[in-house]
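Architecture and fold: a report
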Amino acid sequence: MSEKIKVPTMAEMTASGESPEVLFWVGCSGSFDDRAKKITKAIVKILHACKVKFAVLGTEESCTGDPAKRAGNEFLFQMSAMQNIMVLNGYNVEKIVTGCPHCFNTLKNEYPELGGEFDVVHHTQFIQELIDNGKLKITGGAFKGKKITFHDPCYLGRGNDVYEAPRMAIQKLDAALVEMKRCRAKGLCCGAGGAQMFKEAEKGNKEINIERTDDALAVTPDIIATGCPFCNTMMTDGVKNAEKEDNIKVLDVAEMIAEAADL
Amino acid sequence: MINILFIILVIGGFGLFAYNVKRIVSNIKLGRPIDRTDNKKERIRTMLLVAFGQKKMFQRPIPAILHLFIYVAFVITQIELIEILVDGATGSHRIFREALGGFYTFMISFIEVLSVLALVATFTFLARRNLLRLPRFHMDEMTGWPKLDGNLILYMEFVLVCCIFIMNGADEVLHLKQHGESYNFTVSSWIGPLLFGGVEDVETLSMLERVGWWSHLLMVLTFLNYLPISKHFHIILAFPNVYYSNLEKKGRFSNMEAVITEVKMMFDPSADPYAEPPPAPEGADTAPQRFGAKDVDDLTWKSILDGYTCTECGRCSDACPANTTGKKLSPRKIMMDVRDRAEELGRHRVKNAEATDDGKSLLRDYVSEEEIWACTSCNACVQECPVNNDPLEVILELRRFLVMEESKSPSELTTMFTNVENNGAPWQFAQADRLNWANED
């Protein structure tokens, strides 16, 4: 970050007797993966610029348990979930914005039954809220006239029926939003879900991320937009595999918004 | 005499059907309980939209319209079937005609027009299956019986429609000869004279009409009893299957009850680990249950109902990212495996009331580990299914069994589990470093 933004933690905020408007759930990718960290910083820039009073859990954050659950390890999932719920409830967290559709889905849909009831939104939904209530103003800027295609993350789209928020944000960039043949409810997975991110794929005749990148390349975009750090990795690899990385960028919606708003 | 033969045939036909339905219901009940009786309004709405209204079929408009022809023809022909049943039992002939008058002519004409449309659809579907060779009709699981089944249904539909027109056509010519007037049914008023106009002999015509009438009845009874061994059973099961479908967000996976109890106790400082468990409610199954599913009786009854409802259209596998890229996983096969295994286990349970284990299981004897680990849990199969099946739930339950009962998972996933457990992240990074990004450039 050019000018360092102070990222407050829940612990610090609580110690000073304050409570944030929203908790930013960074997620494991967003915390550790070098590429995903850029998305995290973009989200922070947006929150900061819109004067949203936010905090992160920092070292108190832990995996939501999503990959463990999808891989069949329900014990590990619930152990992780209960720990997180205790932390979140300890801070009386009410609203959460996540940087990852997997965290979003798990926190929103699977935690309530275990005692963790929060108002959970994905960062693209939060961006839409900020635009709608006038806090975030964007003019096309760097993306004006660019051809952008949006790859629907499974756990945002099919999993939770969120299709419009990311698209609305992209349209604010004065860009040409082009849809792939398989999009929205019919969008093809990038290949990372269901804990596939952490293992080699089974034997087949093609990698799923290559198949999906081919969908994207078919519409000759300047930018492939995503809303998920895993999708980002898979699509970036796909673009590299096609040796198109000089012409086609893979960016998160948050990164584009932050850049367009000159943050 | 002929009335008695008719009554015996009809009762026998419906009786055999009822017997087979009962058998299938008890196979479905092999599954674990799950409560899907909530939210009745939403369930009925979904059923009207998806099952009755075929909403999801219309994702692909051309096959949807053709399918609709056969579907509407099937539903509407039942009105004629009622008349056939009354006529057959009482010896009357077109008993509704007098009472309904002009409406009767309209109704039979409507049935005839739809039958012609259904015939067009039947031929198109046969061509699509056998000449166009759509890839999804020729995947590995679509050989042998499933392939024959798909074609047999269409052949039977063809015969059924032929019977209707032999019956109505011969009757039309007979009526012209005997009463000097036409029935004025849209199709048979011209196809009748075209086919049978040359037949002078009233007795031959009368016999032709009877042949059509009896063949129609026999075909209906045959078709009815063919349903329970065929994917065509979906014409009935689609309705309850959609009614009981999952109404939650697709991304939400169930939280296992048994694990909730265990984990909550672990987190409760006042819990006494040596305390006696609370007494089980009267009549409850006290046998310890498996985590996840090894066999069909570990799945919920809804998953088994899914299997029986599956119409093997393959839209799920067509949309599956793993299948599309040549992996062994095919969600359709998972559904067919559940059904076939339920049939097998059901037969075994009937023969051996005592022994409940036949030494086989859904996992490994039907579904391989390679298949279930290829799933990305993307929900494309669930999204596509025109009858709201959920192959993903079966895959998840099988994974749960492998991981929690057998500690068997691909080694990279075992590493991921260890990392989540020890570091709170799927990768080997320390939790203490989680905020480092905030201080990096």
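Worth saying up front: this structure is predicted, and the values here are computed from it rather than measured. Sequence order as written defines residue numbering, which begins from 1 separately in each chain. As a convention, the first chain written is A and the first ligand written is 1, with the rest following in written order. pLDDT decides what is reported in this predicted model: residues at 70 or higher carry local features, side-chain atom pairs at 80 or more are listed and counted, and totals for whole chains, interfaces and linings draw on all residues regardless.

Thoughts on the overall build of chain A
The secondary structure content of chain A amounts to 11 helices and eight strands. Taken over C-alpha atoms, the radius of gyration comes to 18 Å for chain A, in line with the 18 Å a tight globule of 263 residues would show. The principal-axis extent of the C-alpha atoms belonging to chain A is close to 50 × 45 × 30 Å. Whether a residue is buried, exposed or partly exposed follows from its count of other C-beta atoms within 10 Å of its own C-beta, namely 20 or more, 12 or fewer, or something in between, respectively; the C-beta atoms are built from the backbone. With 263 residues in all, chain A has 60% of them scored as buried. Only DSSP runs of H or I reaching four residues or more are called helices, and only runs of E reaching two or more are called strands; each is numbered from the N terminus. Here the globule rule reads 2.2 Å times residues to the power 0.38, and the radius of gyration is calculated from C-alpha atoms.

Comments concerning the domain arrangement of chain A
All names here are of chain A. For every domain, the bounds stem from an assignment made automatically or drawn from a database. In terms of domains, chain A is made up of domain 1 (10-129) and domain 2 (138-260). Taking the mean C-alpha position of each, domain 1 and domain 2 sit 22 Å from one another. Any pair of residues counts as being in contact when their C-beta atoms, constructed from backbone geometry, are within 7 Å of one another. In this assembly, 25 residues from domain 1 lie in contact with 26 residues from domain 2. Going through the elements one at a time, α2 (28-32), α3 (34-49), α4 (66-70), α6 (101-110) and α7 (123-132) are the ones with two or more residues in the side of domain 1 that touches domain 2. With eight residues, α3 is the largest single contributor of residues to the side of domain 1 that touches domain 2.

Remarks on the environment of His67(B)
Residue and element names in this part refer to chain B. Within the secondary structure, His67 sits in helix α3 (residues 61-90). Overall, His67 belongs to the buried group, with 20 C-beta atoms counted inside 10 Å. Along the chain, His67 and Phe125 lie 58 residues apart, while their C-alpha atoms are 8.9 Å from each other. Apart from the residues within four sequence positions on either side, His67 is in contact with Met57 and Ala121.

What to know about the nonpolar core
Soluble globular proteins: nonpolar side chains tend toward being buried together. By size, the foremost hydrophobic cluster in this structure holds 147 residues, and its most contacted members are Ile46(A) and Ile257(A). Per-element accounting of this core gives the leading share, nine residues, to helix α18 (residues 391-404) of chain B. Once you skip the residues sitting within four places of it in the chain, Ile257(A) turns out to touch Ile46(A), Ile127(A), Ile138(A) and Ala169(A). Here, a nonpolar core denotes buried Ala, Val, Leu, Ile, Met, Phe, Trp, Tyr and Cys residues that are linked to one another through C-beta atoms within 7 Å. With 30 residues, the next largest nonpolar core counts Ile108(B), Leu114(B), Leu160(B) and Phe196(B) among its residues.

A word on the interface of chain B and chain A
Counting residues at the interface gives 54 residues for chain B, matched by 56 residues for chain A. Where the side of chain B that touches chain A is concerned, the elements lending two or more residues are α10 (257-267), α13 (321-324), α16 (369-373), α17 (380-384), α18 and α19 (411-423) of chain B. Within the side of chain B that touches chain A, the residues separate by chemical class into 29 nonpolar, 13 polar and 12 charged. Lys, Arg, Asp and Glu make up the charged group, whereas Ala, Val, Leu, Ile, Met, Phe, Trp, Tyr, Cys and Pro make up the nonpolar group; the residues left over, Gly among them, are polar.

A closer look at the packing of helix α11 (residues 301-309) of chain B against helix α14 (residues 331-351) of chain B
Residues and elements named next belong to chain B. At a minimum axis distance of 7 Å, the contact between α11 and α14 shows a crossing angle of 100°. Comparing their axes, α14 and α11 come out roughly perpendicular. Contacts between α11 and α14 involve Ser303, Ile304, Asp306, Gly307 and Tyr308 on the former and, on the latter, Met335, Met336, Val338, Arg339 and Ala342. Looking at the contact of α11 with α14, its residues break down into six nonpolar, two polar and two charged. Only C-alpha atoms enter the line fits that serve as axes; for helices the fit covers just the stretch in contact. Angles between N-to-C directions range over 0 to 180 degrees. The cut-offs work like this: below 35 degrees is roughly parallel, past 145 is roughly antiparallel, 65 to 115 is roughly perpendicular, and the gaps in between are oblique.

A word on the sheet that holds strand β2 (residues 54-55) of chain A
All names here are of chain A. The strand order across the open sheet built from four strands is β2-β1-β3-β4, with neighbouring strands paired in parallel fashion. On the outer flanks of this sheet lie β2 and β4 (119-122), each paired with one strand and no other. Here strand β1 (residues 22-25) pairs with strand β3 (residues 95-98) via three bridges, running parallel. Opposite Phe24, over in β3, you have Val97 as the bridge partner. Where α6 meets the sheet, it contacts β1, β3 and β4, and its direction lies at approximately 160° from that of β4. A pair of strands is treated as paired once DSSP finds two or more bridges between them.

A closer look at the packing of helix α5 (residues 74-90) of chain A against α10(B)
Between α5(A) and α10(B), whose axes approach to 10 Å, the crossing angle comes to 45°. Relative to α10(B), the element α5(A) lies oblique. Judged by the sense of rotation from one axis to the other, the crossing of α5(A) with α10(B) is right-handed. Contact residues: α5(A) offers Glu74(A), Phe75(A), Gln78(A), Met79(A) and Met82(A), while α10(B) offers Val259(B), Ile260(B), Val263(B) and Phe267(B). When its residues are assigned to classes, the contact of α5(A) with α10(B) shows seven nonpolar, one polar and one charged. Whether a crossing is left-handed or right-handed is set by the direction in which the near helix is turned from the far one by less than a right angle, anticlockwise for left-handed and clockwise for right-handed.

A few points about the environment of Thr64(A)
Relative to the helices and strands, Thr64(A) resides in the loop between β2 and α4. Excluding anything up to four places from it in sequence, Thr64(A) contacts Ser80(A), Ala81(A), Asn84(A), Cys103(A), Thr106(A) and Leu107(A).

A few points about the domain arrangement of chain B
All names here are of chain B. We note that the domain assignment places domain 1 (39-243) and domain 2 (290-408) within chain B. The C-alpha-based centres of domain 1 and domain 2 are spaced at 33 Å. In this assembly, 19 residues from domain 1 lie in contact with 17 residues from domain 2. Going through the elements one at a time, α2 (40-52), α6 (145-179) and α9 (234-243) are the ones with two or more residues in the side of domain 1 that touches domain 2. Per element, the largest residue contribution to the side of domain 1 that touches domain 2 is six residues, and it comes from α9. Residues that form the side of domain 1 that touches domain 2 fall into these classes: 11 nonpolar, four polar and four charged.

Description of unusual backbone geometry
With phi around 55°, Lys51(A) is a residue other than glycine that occupies positive phi space. On the neighbour-count criterion, Lys51(A) (9 C-beta atoms within 10 Å) is exposed.

Section: the pairing of β3(A)
All names here are of chain A. In this sheet, β4 lies alongside β3 in parallel orientation, the contact comprising four bridges. Within the sheet, the bridge partner assigned to Thr98 lies in β4 and is His122. Crossover handedness is defined by viewing with both strands directed away from the observer: a clockwise path from the first strand over the helix to the second marks the crossover as right-handed. Taken together, β3, α6 and β4 form a β-α-β motif whose crossover is right-handed.

What about the pairing of strand β8 (residues 249-252) of chain A?
Consecutive residues of a regular strand have side chains that alternate between opposite faces of the sheet. Residues and elements named next belong to chain A. As paired elements, strand β7 (residues 223-226) and β8 share four bridges and run parallel to each other. Within β8, the residue paired with Ala225 across the bridge is Leu251. The handedness of the β7 to β8 crossover, carried by helix α10 (residues 229-241), is right-handed.

Some details on the sheet that holds strand β5 (residues 147-150) of chain A
Residue and element names in this part refer to chain A. The sheet built from four strands is open, its strands ordered β6-β5-β7-β8 with parallel pairing. Only two strands of the sheet have a single neighbouring strand rather than two, namely β6 (176-178) and β8. On average, each strand axis in the sheet is inclined to that of its neighbour by 35°, with strand direction left out of account.

What to know about the confidence of the model for chain B
Taken as a whole, chain B shows an average pLDDT of 94; of its residues, 98% reach a score of 70 or greater. For this predicted complex, the interface confidence reaches an ipTM of 0.96, while the overall pTM sits at 0.96. Every residue gets a pLDDT, meaning the predictor's confidence in that residue, from 0 to 100.

Overview of the environment of Asn27(B)
All names here are of chain B. You can see Asn27 is positioned in helix α1 (residues 2-28). A sequence separation of 341 residues divides Asn27 from Ser368, and the C-alpha atoms of the two residues are 22 Å apart. Beyond its immediate chain neighbours, meaning those up to four positions away, Asn27 contacts Ile304, Ala342, Glu343 and Gly346.

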